[in-house]
Amino acid sequence: YRSVAGLSEYKFGKTTSIVYPEKNYSPTSFYDTIIKNLENNAHTLCLLDIKTNENRLMSVIEACEILKKIDNNKTLKNKTCVSLGSVGASNQKIIVFNFKDYYNLKCDALPQSLIICSTLNNIEQEGLDEYRM
């Protein structure tokens, strides 16, 4: 079975949420979850922060900027990632990209989520190729 992006549903690890850092609150536990999933050869679905009171939805670019600041060992640098925008809606947008190239993303479909991929098998690679940036 494959997800909407072409990844095996059975290769996903624990889901995590990436949140906006604030003045006195800058958690990094989401990064630890991503690393643990990668160690277990599992993909990570990252849900992105929503500030309803500010009408602000985190973009994949913002999430990647946060992750880049935390990723001192450059573990994510060459990882394949998937940007998901407005999944299930008529304006759904799926883009596959390498983490190091996140700043080139062009997606205004909201809300957005991010998948950080572990090792891909041939079937997953074929599925992702359809959406590659």
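To be clear, the structure that these remarks concern was listed above.
Residues numbered from 1 in each chain as written. Predicted model: local features only at pLDDT ≥ 70, side-chain atom pairs only at ≥ 80, totals over all residues. Heavy atoms only, no water.

### What about the pattern of salt bridges?
No. 1: Scanning the entire structure with this criterion turns up five salt bridges.
No. 2: Between Lys51 and Asp49 there is a salt bridge whose closest N-O contact spans 3.7 Å.
No. 3: By relative accessible area, which is 16% here, Lys51 ends up buried.
No. 4: The closest approach of N and O atoms between Glu54 and Arg56, which form a salt bridge, is 3.3 Å.
No. 5: By relative accessible area, which is 45% here, Glu54 ends up partly exposed. (Salt bridge = Lys/Arg side-chain N within 4 Å of Asp/Glu carboxyl O. Buried < 20%, exposed > 50% of the residue type's maximum accessible area, 1.4 Å probe, protein only.)

### What about the packing of helix 1 (residues 29-39) against helix 2 (residues 60-70)?
No. 1: With their axes 10 Å apart at the nearest point, helix 1 and helix 2 run at an angle of 80° to one another. The orientation of helix 1 with respect to helix 2, classified from their angle, is roughly perpendicular. Between helix 1, through Phe30, Tyr31 and Ile34, and helix 2, the contact on the second element is made entirely by Ile66, Leu67 and Ile70. (Axes fitted to C-alpha atoms, helices over the stretch in contact; angles between N-to-C directions. Helix = DSSP H or I, 4+ residues; strand = E, 2+ residues; numbered from the N terminus. Parallel < 35°, antiparallel > 145°, perpendicular 65-115°, else oblique. Contact = heavy atoms within 4.5 Å.)

### Describing a nonpolar patch on the surface
No. 1: The grouping of Ile50, Leu57 and Leu110 at the surface amounts to a nonpolar patch, some 230 Å² of accessible area in total.
No. 2: Turning to its location among the elements, Leu110 is positioned in the loop between strand 6 (93-98) and strand 7 (112-116). (Patch = residues over 30% accessible without salt bridge, like charges linked within 9 Å, V, L, I, M, F, W, Y side chains within 5 Å. Areas by Shrake-Rupley, 256 points an atom, 1.4 Å probe, with all protein chains shown as cover.)

### Quick look at helix 3 (residues 122-129)
No. 1: Within helix 3 the residues assigned to the buried category are Glu124, Gly127 and Leu128. Angularly, the buried residues of helix 3 cover 95° about the axis, an arc narrow enough to put them on a single face. Away from its buried face, by an angle of more than 90 degrees, helix 3 presents the exposed residues Asn122 and Glu126.
No. 2: Turning to helix 3, the residues buried within the fold contact strand 5 (80-85) and strand 6. (Arc of directions from axis to C-beta.)

### A word on the pairing of strand 7
No. 1: Of all the five residues making up strand 7, five are buried; the element is thus mostly covered by neighbouring parts of the structure.
No. 2: Taking every second residue as pointing to the same face, both faces of strand 7 are buried, with Gln112, Leu114 and Ile116 on one and Ser113 and Ile115 on the other.
No. 3: Inspection of the sheet shows strand 2 (residues 44-48) paired to strand 7 by four bridges, in the antiparallel sense. For Leu47, the partnering residue across the bridge sits in strand 7 and is Ser113.
No. 4: Direction of pairing for strand 5 relative to strand 7: antiparallel, over a ladder of five bridges. Each residue of the ladder has a partner; that of Val82, found in strand 7, is Ile115. (Pairing = 2+ DSSP bridges.)

### Structural notes on the nonpolar core
No. 1: Within the largest apolar cluster, 25 residues are counted, with the highest numbers of intra-cluster contacts made by Ile18, Leu48, Leu67, Leu76, Phe97, Leu114 and Ile116.
No. 2: Ranked by residues supplied to this core, first place goes to helix 2 with six residues.
No. 3: Leaving out residues up to four positions away in the same chain, Ile18 has contacts with Phe30, Cys46, Leu47, Leu48, Asp49, Met58, Ala63, Ile66, Leu67 and Leu114. (Core = buried A, V, L, I, M, F, W, Y, C linked by side-chain atoms within 4.5 Å.)

### Brief notes about the sheet that holds strand 6
No. 1: Taking strand neighbours across the sheet as the criterion, the five strands line up as 1-2-7-5-6 in an open arrangement whose pairing is mixed. The two strands at the open ends of the sheet, each matched to only one other strand, are strand 1 (16-18) and strand 6. Direction aside, the axes of adjacent strands within the sheet are offset by 25° on average.
No. 2: Sheet topology places strand 1 next to strand 2; three bridges connect them, and they run parallel. Each bridged residue has a counterpart across the sheet, and for Ile18 the counterpart in strand 2 is Leu48.

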